[in-house]
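Structure at a glance
Now for the letters of each chain:
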Amino acid sequence: TPRIPKAPALIRGKMPGDVFKSLISAHKKVAAIARSSGLSMLSLEAPPNINLRPGDVYDVATLIVAELSWLHANAKRAAAPVPAFHPGRRFPSHCFQRAGLLHAQLSLLQTHVEGQREWLSK
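Structural notes, computed from the coordinates.

Reading guide: rules and limits
- Every residue gets a number counted from 1 within its own chain, in the order that chain's sequence is written.
- pLDDT decides what is reported in this predicted model: residues at 70 or higher carry local features, side-chain atom pairs at 80 or more are listed and counted, and totals for whole chains, interfaces and linings draw on all residues regardless.
- Values reported for side chains reflect all heavy atoms of the structure, with hydrogen atoms and water molecules removed beforehand.
- Note on conventions: DSSP H or I runs of at least 4 residues are helices, E runs of at least 2 residues are strands, and numbering of each starts at the N terminus.
- For the radius of gyration, the atoms used are the C-alpha atoms, and the globule rule reads 2.2 Å times the number of residues raised to 0.38.
- Three exposure classes are used, based on accessible area relative to the maximum for each residue type with a 1.4 Å probe and protein chains only: buried under 20%, partly exposed in between, and exposed over 50%.
- Any two residues whose heavy atoms approach within 4.5 Å at even a single point are treated as in contact.
- Lining residues are those with an atom within 4 Å of a point, where the points come from a 1 Å grid over the protein atoms alone and group into cavities, where a 1.4 Å probe fits but cannot get out, or pockets, open sets with protein on both sides within 12 Å along at least five of seven lines.
- Grid points are joined across faces, edges and corners, and a volume is the space filled by probe spheres set on the points.
- Think of it as three bins: nonpolar holds Ala, Val, Leu, Ile, Met, Phe, Trp, Tyr, Cys and Pro, charged holds Asp, Glu, Lys and Arg, and polar takes everything else, Gly as well.
- Only one rule defines a salt bridge in this text: a Lys or Arg side-chain nitrogen within 4 Å of an Asp or Glu carboxyl oxygen.
- Here a helix's expected span is defined as the number of its residues, less one, multiplied by 1.5 Å.
- In this context, the arc is that of the directions from the helix axis out to the C-beta atoms.
- Pairing of aromatic side chains here covers Phe, Tyr and the six-membered ring of Trp, requires ring centres within 6.5 Å, and sorts the geometry by plane angle: under 30 degrees stacked, over 60 edge-to-face, intermediate tilted.
- We call a charge positioned over a ring when the NZ of a Lys or the CZ of an Arg lies within 6 Å of the ring centre and within 35 degrees of the ring normal.

Here we look at the overall build of the protein
- What the protein contains, in helices and strands, is three helices and zero strands.
- Each helix and strand of the protein, placed in order from N terminus to C terminus, yields the pattern α-α-α.
- A compact globule built from 122 residues should have a C-alpha radius of gyration of about 14 Å, and the protein, at 15 Å, falls within 12% of that.
- Referenced to the eigenvectors of the C-alpha coordinate spread, the extents of the protein come out at roughly 40 × 30 × 20 Å.
- Relative to its 122 residues, the protein shows a buried fraction of 28%.
- In the protein, 87% of the contacts between residues at least 6 apart in sequence involve partners at least 24 apart.

Observations concerning the layout of surface pockets
- Each pocket or cavity is described by its volume, and for the largest pocket that value is around 2,600 Å³.
- Contributing to the lining of the largest pocket are 50 residues, with Val65, Leu68, Val82, Leu102 and Gln105 lying nearest its centre.
- Taken together, the elements giving at least two residues each to the lining of the largest pocket come down to helix H1 (16-36), helix H2 (54-73) and helix H3 (92-113).
- Per-element accounting of the lining of the largest pocket gives the leading share, 13 residues, to H3.
- Among the residues forming the lining of the largest pocket, the class breakdown is 32 nonpolar, eleven polar and seven charged.

Observations concerning the pattern of salt bridges
- Throughout the structure, instances matching the rule amount to one salt bridge.
- Residue Lys28 pairs with Glu45 through a salt bridge whose shortest N-O separation is 3.4 Å. Placement of the pair is Lys28 in helix H1 and Glu45 in the loop between H1 and H2, with a sequence separation of 17 residues.
- According to the relative accessible area criterion, Lys28 is partly exposed, its value standing at 40%.

A closer look at H2
- The end-to-end C-alpha distance of H2 is 30 Å, a good match for the 28 Å that 20 residues give at a rise of 1.5 Å each.
- Here H2 has its buried residues at Asp56, Val57, Val60, Ile64, Glu67 and Leu71. The arc that holds every buried residue of H2, seen down its axis, measures 105°, which confines them to one face. Facing away from the buried surface of H2 by more than 90 degrees, the exposed residues are Pro54, Tyr58, Val65 and Ala73.

Some words on the packing of aromatic side chains
- Here the structure, examined in full by the defined rule, presents zero aromatic pairs.
- The ring of Phe96 has Lys14 lying over it, and the distance from NZ or CZ to the ring centre is 4.4 Å.

Below is the structure:
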């Protein structure tokens, strides 16, 4: 199984709200991974008619990165994270595509840790 799956197709015309919804769904996957590992994490719900502000997508993404960083820091035998880089100017469709890749990676992680509470060094 590849560590980094192939990115989903780019779908043009996506808006920040689409990215926000995708990231909220990704956060639920992170929380499910934590729960299956005997941990609890912040529960995040967004009202259906939320009035999004420019920083809201960034805030949810930051929360996901923080929680994944915490899981990684507590994982046994975890390889060093790949350094981040600035990808240049991106539009909501690009961010939506990357969120799709995050979903695929979280699904791989969920499969990997199912029934293995000991994968974390709590």
